[in-house]
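# Examining the three-dimensional arrangement
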Amino acid sequence: MITCQNNIFKIDTLNTTYLIRINSHKHVISEYYGSKIDSQDNYAFSEETIKYPAGSSIAYDESDSQYSLDMQCLEISSIGKGDYKEPSIVIKCDEGYVLDLCYQNYKIQKYVPDKSLPYLRKADLDELIIETMDSTNGVLVELHYVCDVDDDVIIRNIIVKPTKKKIHLLKASSMQLEMPNQDFTLVSTYGTWGSENNIDEMPLKHGIFKIDSKTGASSNRHNPFFMLKEGGSTGVFGNVYAFNLMYSGNHEEIIELSTFDKVRIQNGINSFCFDFELKKGDKFVTPLSVMTFSSKGSNGASINMHHFVENFVIKDKVKVAPIVINNWEATFFDFNATKLRSIIRNASKQGMEMFVLDDGWFSTRNNDHSGLGDYDVNTKKIPGGLNRIANYAKKHKMKFGLWFEPEMVNEDSRLFRLHSDWIIKCKDRTPSKGRNQYVLNLSRKDVQDYIIENVSKVLHSSDISYIKWDMNRHMSDVGTLNYDSGEMFHRYMLGLYRVFDEITSEFPNIYYEGCSSGGNRFDLGILNYFDQIWTSDDTDAYERIKIQSGTSLGYPLRCISNHVSTSPSNSVLRNTPLDTRINVALFGSYGFELDLTKNYPIEDKNIAESIKFYKKYRLLIRDGDFYQLKNIKKDGYALWLVVNKEKSEALLGYFQGLNKMNRGTETINLVGLDPNSDYQFTTRKQILNYQTFGSLVHQAIKIKFNERGPLFTALTKRIGMDGEKENYIIGGKALMSGALKLDNKWIGTGVGSDTRTMPDFASRVYVIKKVKI
Ligand code: GLA
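For the structure given in this document, a descriptive report is provided here. In this text the structure is predicted, and so the values were computed from the model without any measurement.

### Describing the packing of helix H6 (residues 445-461) against helix H7 (residues 485-506)
At their nearest, the axes of H6 and H7 sit 10 Å apart, and the two run at 25° to each other. In terms of orientation, H6 lies roughly parallel with respect to H7. At the point where H6 passes H7, the crossing takes the right-handed sense. Contacts between H6 and H7 involve Lys 445, Gln 448, Asp 449, Ile 451, Ile 452, Val 455, Ser 456, Leu 459 and His 460 on the former and, on the latter, Gly 495, Arg 498, Val 499, Glu 502, Ile 503 and Glu 506. Along the lines of polarity and charge, the residues of the contact of H6 with H7 split into 6 nonpolar, 4 polar and 5 charged.

### Things to note about the pairing of strand E17 (residues 262-269)
Within E17, 8 of the 8 residues are buried, which leaves it mostly tucked inside the rest of the structure. What sits between the antiparallel neighbours strand E16 (residues 251-257) and E17 is a turn of 4 residues, in which Asp 261 has the positive phi angle 60°.

### Examining the pairing of strand E20 (residues 289-294)
Buried residues dominate E20, accounting for 6 of its 6 residues. Neither face of E20 is open: one carries Ser 289, Met 291 and Phe 293, the other Val 290, Thr 292 and Ser 294, and all of them are buried. With 4 bridges joining them, strand E9 (residues 153-162) and E20 adopt antiparallel strand pairing. Note on E20: the bridge partner recorded for Ile 155 is Val 290. Looking at chain direction, strand E15 (residues 240-245) and E20 are connected through 6 bridges and run antiparallel. Of the residues in E20, the one forming a bridge with Leu 245 is Ser 289.

### Overview of the side chain of Glu 726
Structurally, the position occupied by Glu 726 is in the loop between strand E37 (721-722) and strand E38 (727-731). No salt bridge forms around the buried Glu 726; measuring N to O, its nearest opposite-charge neighbour Arg 756 is 4.1 Å away. Reaching out from Glu 726, the side chain makes a polar contact with the side chain of Tyr 728 at a distance of 2.3 Å. Beyond its immediate sequence surroundings of up to four residues, Glu 726 is in contact with Phe 681, Thr 682, Thr 683, Lys 741, Leu 742, Asp 743, Arg 756 and Tyr 766.

### Focus on the packing of helix H10 (residues 578-586) against helix H11 (residues 601-623)
Put simply, H10 and H11 touch, their axes get as near as 10 Å, and they point 20° apart. Compared by their axis directions, H10 and H11 come out roughly parallel. Between H10 and H11 the crossing geometry is right-handed. Between H10, through Leu 578, Asp 579, Ile 582 and Leu 586, and H11, the contact on the second element is made entirely by Glu 603, Asn 606, Ile 607, Ser 610, Phe 613, Tyr 614 and Ile 621. Classifying every residue of the contact of H10 with H11 gives 7 nonpolar, 2 polar and 2 charged.

### Remarks on the site of the ligand
Close to the ligand lie 13 residues, the nearest being Asp 358, Asp 359, Arg 435, Lys 468 and Asp 537. Here Asp 359 contributes a side-chain N or O atom positioned 2.6 Å from an oxygen atom of the ligand. Within the side chain of Arg 435, an N or O atom sits 2.8 Å from an oxygen atom of the ligand. Its free accessible area being 310 Å², the ligand has 96% of it covered by the protein chains. Considering only residue class, the shell around the ligand consists of 4 nonpolar, 3 polar and 6 charged.

### A short note on unusual backbone geometry
Across the junction of Ser 567 and Pro 568, the peptide omega takes the value 0°, indicating a cis bond. Topologically, Pro 568 is positioned in the loop between strand E29 (560-565) and H10. For Asp 183, which is not glycine, the phi dihedral falls at a positive 55°. Examined against the element boundaries, Asp 183 turns out to sit in the loop between strand E10 (167-180) and strand E11 (185-192). Classification of Asp 183 by relative accessible area gives exposed; the value is 55%. Within the chain, Phe 332 stands out as a residue other than glycine whose phi angle is a positive 50°. Structurally, Phe 332 is set in the loop between helix H2 (328-331) and helix H3 (337-350).

### Re the sheet that holds strand E2 (residues 8-12)
A sheet is described by the order of its strands in space; here 4 strands give the open sequence E1-E2-E3-E4, paired in antiparallel fashion. Strands with a single pairing partner mark the edges of an open sheet, and in this sheet they are strand E1 (2-5) and strand E4 (28-35). Across the sheet, the mean angle from the axis of one strand to that of its neighbour is 15°, orientation sign disregarded.

### Some remarks on the pattern of salt bridges
A full pass over the atoms with the stated rule returns 54 salt bridges. Linking Arg 417 and Asp 412 is a salt bridge whose minimum nitrogen-to-oxygen distance equals 3.1 Å. Residue class for Asp 412 comes out partly exposed when judged on its relative accessible area of 40%. The partner of Asp 449 in a salt bridge is Lys 445, with the nearest N and O atoms 3.1 Å apart. Remark: Lys 445 and Asp 449 occur in helix H6; sequence separation between them is 4 residues, near one turn of the helix. On the accessibility criterion, Asp 449 (27% relative accessible area) is partly exposed. One salt-bridge network, held together by shared partners, links Asp 83, Lys 85, Glu 178 and Arg 264.

Cut-offs and rules
- Residues numbered from 1 in each chain as written.
- Predicted model: local features only at pLDDT ≥ 70, side-chain atom pairs only at ≥ 80, totals over all residues.
- Heavy atoms only, no water.
- Axes fitted to C-alpha atoms, helices over the stretch in contact; angles between N-to-C directions.
- Helix = DSSP H or I, 4+ residues; strand = E, 2+ residues; numbered from the N terminus.
- Parallel < 35°, antiparallel > 145°, perpendicular 65-115°, else oblique.
- Left-handed = near helix turned anticlockwise from the far one by under 90°.
- Contact = heavy atoms within 4.5 Å.
- Nonpolar A, V, L, I, M, F, W, Y, C, P; charged D, E, K, R; others polar.
- Buried < 20%, exposed > 50% of the residue type's maximum accessible area, 1.4 Å probe, protein only.
- Pairing = 2+ DSSP bridges.
- Lys, Arg positive; Asp, Glu negative; His and termini not counted.
- Salt bridge = Lys/Arg side-chain N within 4 Å of Asp/Glu carboxyl O.
- Polar contact = N/O pair within 3.5 Å; in protein donor to acceptor, adjacent residues only side chain to side chain.
- Near = heavy atom within 4 Å.
- Areas by Shrake-Rupley, 256 points an atom, 1.4 Å probe, with all protein chains shown as cover.

Spelled out as structure tokens, the structure:
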């Protein structure tokens with residue numbers, strides 16, 4: 001709900017209040033953001049009274065020599081009138097950089113989406129628009145705030161409109177919030193290809209800290225999501241703020257701890273290489289920025305963001321992610337129809353639902369040097385074309401999906417030979433390649449039209465139920481061939497969103513997976529159109545624990561796409577037990593990416609059981625509230641809990657790094673359950689390989705044999721040993737008080753039904769279900 005009284009705007013969400021004051025100098029002040037305030041008075045208590053400006057500071061105007069912009073908590077900040085902190089908007093016009101934005105007007109209305117950029121899909125939202133104006137140069141800036149009473153997010157952006165003369169917009173943060181420092185720790189993520197979303201934490205220091213992307217996409221470098229945790233807060237307790245941006249291009253997040261001990265927070269399009277010319281009458285709409293506050297610690301803030309994605313961002317939240325078998329890591333480019341059919345047959349036997357044919361199905365694309373851009377099926381590899389393979393999948397009760405990389409082109413392709421001017425490049429400079437390919441210039445309408453037409457043609461040609469939309473290189477040579485290079489990065493995004501919008505609207509029933517060499521474009525912009533995102537090309541389960549922990553800080557499990565792959569892993573050559581590969585992948589959209597024809601019978605059995613398990617709990621995983629209770633980097637093991645909205649069912653994942661000898665008893669302390677109900681706590685069945693025990697196996701089996709010999713090895717491919725199965729009835733209160741003690745771990749001896757055999761990288765999934773006694 002949004003109200004306005006005595007120059008105070010009050011934005012109330014389910015549990016939070018945001019106060020904005022228009023002060024006597026007509027500046028827009030961030031006054032308060034935190035737990036809900038019900039008071040109806042004039043908010044004199046929250047007004048900051050700054051009596052004495054520091055000696056060297058600038059008095060904003062003569063009416064009040066003690067008023068200096070530098071000390072104010074501003075909702076929007078600019079250059080030239082005495083504020084020396086980071087400006088949130090920078091313009092240049094004939095007069096220079098000076099901009100003085102003063103309150104002019106406001107409007108409270110129902111939210112009207114601007115569909116040129118990712119927008120909010122929830123209906124009936126309230127919107128506040130505060131209009132500010134520089135009366136000298138005529139620059140009008142609208143500050144937009146959108147909220148809803150049953151969620152805890154505020155969505156913001158600004159719109160810039162020159163009303164008198166031409167300007168160059170050099171920076172336009174979607175939002176700014178400024179507040180006194182509360183001993184904040186900044187939590188953000190960083191990464192590279194195959195190692196996305198590593199979690200970083202650091203206490204704020206005086207100065208300016210920036211995370212960003214300059215690659216042209218939101219990137220695997222720094223995700224736009226970040227948090228500020230108040231000193232003393234924990235995973236489930238204390239004040240935490242979280243922020244994200246609905247944008248897939250270059251972004252910047254600035255956190256400045258000023259010398260006045262105030263924290264200024266901004267996010268938006270990266271000002272790096274950004275220079276947008278706006279003529280009188282034009283308008284520039286910035287991407288939507290979302291912020292949330294929770295007094296329930298970092299999990300509370302994450303859950304608010306997850307609800308935001310489900311309720312405001314995702315196009316169709318009742319879609320169910322199919323269990324996928326993707327052939328990439330099984331075959332790479334080297335496949336033929338016989339191979340694909342054998343993968344389909346095996347996948348179908350295990351209960352998988354969707355066969356996704358990855359790269360290499362078209363044109364001359366037998367490696368990554370040629371063919372990209374020409375999406376006509378390679379009938380040498382796939383005689384009978386896509387229809388035949390789609391029909392084969394159908395015959396085996398599976399649907400069919402396809403990989404595309406429509407934003408790119410190989411030099412060795414028909415498309416490039418016809419349209420070499422369609423790529424991003426400078427006029428007179430040889431463009432650099434990435435993965436042997438160029439980026440198509442999506443700021444051009446003819447390029448957008450070509451992509452829409454060609455992808456649609458393929459989608460109409462056959463029964464395709466799933467698309468993996470890839471984008472495999474960073475941008476370079478962003479030059480002046482078409483638009484001014486200061487506009488190109490953003491114009492590319494506008495073009496891309498138009499393409500997404502048209503294709504997803506024409507084919508609403510397709511299930512869409514975004515991908516960019518894994519998680520190089522994992523953001524809210526993509527999720528506005530696509531159902532999920534391929535999280536990382538690193539499918540090693542232990543690496544994935546770290547990657548998925550970082551990703552799920554800001555994004556719900558429903559959009560985190562995970563596949564069980566082979567061991568040793570292609571990425572890090574680590575041997576990770578199959579149970580762990582399964583258990584880690586279960587926490588998200590579940591799938592497989594390995595050559596199933598090479599599985600041992602025991603592996604087939606294990607996989608088939610995991611699929612049955614996923615089918616039973618997929619809605620809980622998709623819609624439940626997700627908590628991270630332990631972190632693998634900090635604690636040596638990860639504890640992930642997902643609880644359904646009714647608190648009647650939960651899954652708990654326990655993931656170990658390196659095993660430790662004689663560590664003692666482990667207790668489990670959960671959250672989010674019903675304290676007044678009883679639950680059954682059981683282990684998802686584990687199958688242990690006898691070879692895990694090495695020569696110790698002789699202590700259990702008293703006949704003589706070689707435990708590394710062919711006979712025993714062959715046996716272990718067929719028969720495994722059941723792991724322990726814990727099974728307790730326990731009250732919700734006890735589960736949330738650390739009363740539950742897990743079975744002891746293997747410590748050099750004692751295999752048995754009450755010993756957890758947990759070698760390095762072992763894991764468990766527990767099912768927690770309400771019982772009636
Ligand atoms: C990228 C993706 C992979 C796979 C390959 C195909 O690397 O992340 O999953 O699709 O492209 O070339």
